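Understanding the architecture of this molecule
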Amino acid sequence: MNREDMLAGLIAQAASTGADLVTLRAIVEESSELGAVRVLARMGLDDAKAHEDLSELRELLAAWRDAKRSAWRAFVSWALRGAAALLLIGLAYRLGFSEMLS
């Protein structure tokens, strides 16, 4: 018996004999399992390699985040170096060392 048949049987049982707590819980459990299976199938993650695919996607996402963080740090580092160089040039000009700059 597949999940759809199980769910249909539980709903028929609830309709005929009244829905006790155990039957309602079983209906909710079976319907949520069936819904999860359908969602995974629609996303293409219902095969045996789905776990490996998700692991690879997580690794790619982690690598992307690391690259983004490294690029941002490099940009900040270069910006600070440029600001320090401009400050030193301005200070040298202010102190009268402008002939050394030319």
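In short, a report on the structure. All values derive from a computational prediction rather than experimental measurement.

Cut-off values and rules
- In this numbering scheme, every chain counts its residues from 1 along its sequence in written order.
- Whole-chain, interface and lining totals are the exception, using all residues; otherwise, since this is a predicted model, local features are given only for residues with pLDDT of at least 70 and side-chain atom pairs are given and counted only at 80 or more.
- Note that the side-chain values use all heavy atoms of the structure and ignore hydrogens as well as water.
- Stacked, tilted and edge-to-face are the three classes applied to pairs of Phe, Tyr and Trp rings, where Trp contributes its six-membered ring and a pair requires centres within 6.5 Å; stacked means planes under 30 degrees apart, edge-to-face means over 60, and tilted covers the rest.
- When the NZ atom of lysine or the CZ atom of arginine is within 6 Å of a ring's centre and also within 35 degrees of its normal, the charge is said to sit over that ring.
- Where helices are involved, their axes are fitted lines through C-alpha atoms of the stretch in contact, as for all axes, and angles between N-to-C directions lie from 0 to 180°.
- In this description a helix means any DSSP run of H or I spanning at least four residues, a strand means any run of E spanning at least two, and both kinds are numbered starting from the N terminus.
- Angles below 35 degrees are treated as roughly parallel, those above 145 as roughly antiparallel, those between 65 and 115 as roughly perpendicular, and all remaining angles as oblique.
- Put simply, a crossing is left-handed when the front helix is turned counterclockwise from the back one by less than a right angle, and right-handed when it is turned clockwise.
- Whether two residues are in contact is decided by their heavy atoms: any pair within 4.5 Å suffices.
- Three classes are used, and their members are as follows: Ala, Val, Leu, Ile, Met, Phe, Trp, Tyr, Cys and Pro are nonpolar, Asp, Glu, Lys and Arg are charged, and the others, Gly among them, are polar.
- Note that patches include only residues with greater than 30% relative accessible area and no salt bridge, and the join distances are 9 Å for like charges and 5 Å for nonpolar side chains (Val, Leu, Ile, Met, Phe, Trp, Tyr).
- Working definition of accessibility: Shrake-Rupley area with a 1.4 Å probe, residue cover restricted to the visible protein chains.
- Here a salt bridge means any side-chain nitrogen of Lys or Arg lying within 4 Å of a carboxyl oxygen belonging to Asp or Glu.
- Counting rule applied: Lys, Arg positive; Asp, Glu negative; His and chain ends not counted.
- Where a charge sits is defined by one atom per residue type, namely NZ (Lys), CZ (Arg), CG (Asp) or CD (Glu).
- Buried means the residue's accessible area, taken with a 1.4 Å probe over protein chains only, is under 20% of the maximum for its type, while exposed means over 50%, and partly exposed covers the values in between.

Next up on the list: the packing of aromatic side chains. The relation between two aromatic rings is expressed through the spacing of the ring centres and the mutual angle of the planes. Scanning the entire structure with this criterion turns up 1 aromatic pair. Residue placement shows Arg-81 over the ring face of Trp-78; its charged tip is 5.4 Å from the ring centre.

Turning next to the packing of helix H1 (residues 3-17) against helix H2 (residues 21-43). Axis separation between H1 and H2 bottoms out at 9 Å; the angle between their running directions is 150°. In terms of axis orientation, H1 runs roughly antiparallel to H2. Like other packed secondary-structure pairs, H1 and H2 cross with a definite hand, here left-handed. On H2, the residues that touch Arg-3, Glu-4, Met-6, Leu-7, Leu-10, Ile-11, Gln-13 and Ala-14 of H1 are Thr-23, Ala-26, Ile-27, Glu-30, Ser-31, Glu-33, Leu-34 and Arg-38. Broken down by class, the residue content of the contact of H1 with H2 amounts to 8 nonpolar, 3 polar and 5 charged.

Another point: a negative patch on the surface. Taken together, the side chains of Asp-46, Asp-47, Glu-52, Asp-53, Glu-56 and Glu-59 present a region of like negative charge at the surface. For Asp-47, the location among the structural elements is in the loop between H2 and helix H3 (50-94). A relative accessible area of 41% means that Asp-47 is categorised as partly exposed.

Here the focus is the pattern of salt bridges. Applying the stated criterion across every chain yields a total of 1 salt bridge. Asp-66 is the salt-bridge partner of Arg-69, the closest N and O atoms lying 3.0 Å from each other. Here Arg-69 and its partner Asp-66 are both found in helix H3, 3 residues apart, which amounts to about one turn of the helix.

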